[in-house]
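Okay, here's what each chain looks like letter by letter:
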Amino acid sequence: KRVVSVFILRCQNNHDGAQVALFRRCNQMPTFGGHWAAISGSIETQHDASPLAAAVREIGEETNLGELLGDYDHLLQSGLHVDVARENSKGTFGGRMIRVYPFALTLPAEDSSLLSKIEMRGTEHDEMKFLTVHDFLTMNLQCVPSLKRAFHHATSGTYLDLPQEIRDWEGDRVNGAAYLARKAVDLAAAHTQNGELLTGELSVAQSIAILRPSMVPIVNVMNEFDQRITHEGYDKIEQIRHELLKSLTDESHRCVELGYELLLNMLESKASSTEFVVGTFSRSSTLKSILKRIIELSDDAPKVRVVCSQSTPGDEGMLMAADISSASYMPDDEFQQQILDGKIDVVIVGADCVLSEKNGVVNKIGTAELASVCKQAGVPILSSADRWKLWSDIYCPPLEVIFELIPSELFDHVLVPKMLKNNSI
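Summarised in this report is the structure supplied together with it.

Reading the values: the criteria
- Residues numbered from 1 in each chain as written.
- Predicted model: local features only at pLDDT ≥ 70, side-chain atom pairs only at ≥ 80, totals over all residues.
- Heavy atoms only, no water.
- Axes fitted to C-alpha atoms, helices over the stretch in contact; angles between N-to-C directions.
- Helix = DSSP H or I, 4+ residues; strand = E, 2+ residues; numbered from the N terminus.
- Left-handed = near helix turned anticlockwise from the far one by under 90°.
- Contact = heavy atoms within 4.5 Å.
- Nonpolar A, V, L, I, M, F, W, Y, C, P; charged D, E, K, R; others polar.
- Buried < 20%, exposed > 50% of the residue type's maximum accessible area, 1.4 Å probe, protein only.
- Pairing = 2+ DSSP bridges.
- Phe/Tyr/Trp six-rings, centres within 6.5 Å; stacked < 30°, edge-to-face > 60°.

Right, let's get into the packing of helix H7 (residues 177-191) against helix H8 (residues 204-211). The interhelical angle for the contact between H7 and H8, taken along N-to-C directions, is 150°, at an axis separation of 9 Å. H7 and H8 meet at a crossing whose hand is right-handed. Along its contact with H7, which presents Ala-184, Leu-187, Ala-188 and His-191, the element H8 presents Val-204, Ala-205 and Ile-208. In the contact of H7 with H8, the residues fall into six nonpolar, one polar and no charged.

This is the structure:
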């Protein structure tokens with residue numbers, strides 16, 4: 001069963017003053033009657049194209065925010081989904097697992113009276129109250145399952161009290177998903193203690209996962225960490241850490257081998273007297289390894305040259321060029337013009353997430369425009385990913401502002417080990 005849960009927030013200059021709206025479900029409701037909740041409801045697949053569409057619909061049905069704000073889609077921030085296990089769902093929905101897609105709707109700060117103008121609509125709720133976030137997180141009222149955890153997911157861990165080194169890791173906007181996933185394993189192992197949960201029913205690993213939900217390797221490896229801790233025990237933490245790091249490394253190596261082989265095939269089909277130019281975008285440790293291997297062939301003809309797009313915002317392409325000897329970088333618009341002029345033979349980019357059923361690839365913002373330019377110019381563009389980047393849910397993960405979803409058809413190949421097929425994921 002898939003549902004949405006929307007937390008209406010009014011933020012002050014500091015976290016202590018932030019308020020959240022809660023709604024009590026009527027006793028007559030078929031599920032969780034008398035429980036406190038956020039605005040919530042089922043995703044109606046025949047009407048709702050996405051969890052966001054369901055969230056917008058539910059807000060319109062259960063509050064007057066549409067009248068107060070007009071268009072409020074842009075105010076909604078999505079968080080990583082929360083799974084409520086069968087044993088915690090209290091027999092609702094036939095005892096099925098409930099997958100909650102949480103959202104935070106932050107009211108415009110310039111209208112301080114807006115919170116007091118919110119009214120309930122419909123028949124689902126009989127009471128509404130506004131609490132400070134602190135009071136909400138410490139209250140003992142009867143709530144729907146995992147409500148506080150869903151709040152932390154919706155707000156991407158903003159109100160969690162986390163160690164500073166985890167916050168520092170969260171702020172890394174330079175390194176790619178593969179590197180950050182390895183760091184996440186080390187942090188989860190170092191800060192996990194026997195049976196300790198953080199505020200809001202979250203383990204350390206779960207708290208790390210919700211901080212960077214667009215980077216699916218982090219989410220997947222943190223889920224695996226928690227599952228193994230649950231089944232194998234806290235005394236196995238170091239062994240679990242070692243084995244997960246090994247798996248991340250092994251899968252990355254398989255990905256590197258696959259990308260290298262495809263570039264090598266393209267290189268060998270190139271006339272020996274001409275230069276072979278590989279373009280890339282952003283900064284990925286996996287791509288770095290692929291490109292370094294292909295550059296090693298530069299002593300043979302044709303000569304291999306790597307060009308990095310600057311990758312604004314963030315300028316990760318400049319850092320990538322500094323990481324690879326003999327590589328150069330150029331502004332994004334100049335890079336695209338080089339593609340249109342036929343001066344780049346192939347473009348290879350990374351991926352932070354690969355959706356199932358050819359539903360797209362998540363990567364840094366700007367990738368879609370770059371892929372469209374490649375299509376226009378007839379220059380092949382490849383996306384390289386390993387199995388840790390495969391996303392199992394039917395909906396795209398939450399997208400941080402620096403990421404976007406790129407249609408699979410814009411790529412000539414999405415490279416996942418054992419799945420090297422044209423336009424196939």
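Most of strand E2 (residues 19-25) sits out of view: five of its seven residues are buried. Taken together, the three bridges between strand E1 (residues 2-10) and E2 define a ladder with antiparallel strand orientation. Looking at E2, one finds that Leu-9 is bridged to Val-20. Where E2 meets strand E8 (residues 125-132), seven bridges bridge the pair, whose relative direction is antiparallel. When the bridges of E8 are listed, Phe-23 appears paired with Met-128. The pairing of E2 with strand E3 (residues 36-37) spans two bridges and is classified as antiparallel. Bridge pairing in E3 links Phe-23 to Ala-37.

Another aspect to go through is the packing of aromatic side chains. This model, assessed by the stated rule, comprises five aromatic pairs. Summarising the aromatic geometry, the rings of Phe-7 and Phe-151 are spaced 5.5 Å apart at their centres and angled 80° between planes, so their arrangement reads as edge-to-face. Of the two residues, Phe-7 sits in strand E1 while Phe-151 sits in helix H5 (residues 147-154), which places them 144 residues apart along the sequence. Take Phe-7 and Phe-151: they sit in the same class, and that class is buried. With a centroid separation of 5.3 Å and 75° between ring planes, the pair formed by Phe-136 and Phe-151 is classed as edge-to-face. On the criterion of sequence distance, the pair formed by Phe-136 in helix H4 (residues 133-138) and Phe-151 in helix H5 is long-range, its members being 15 residues apart.

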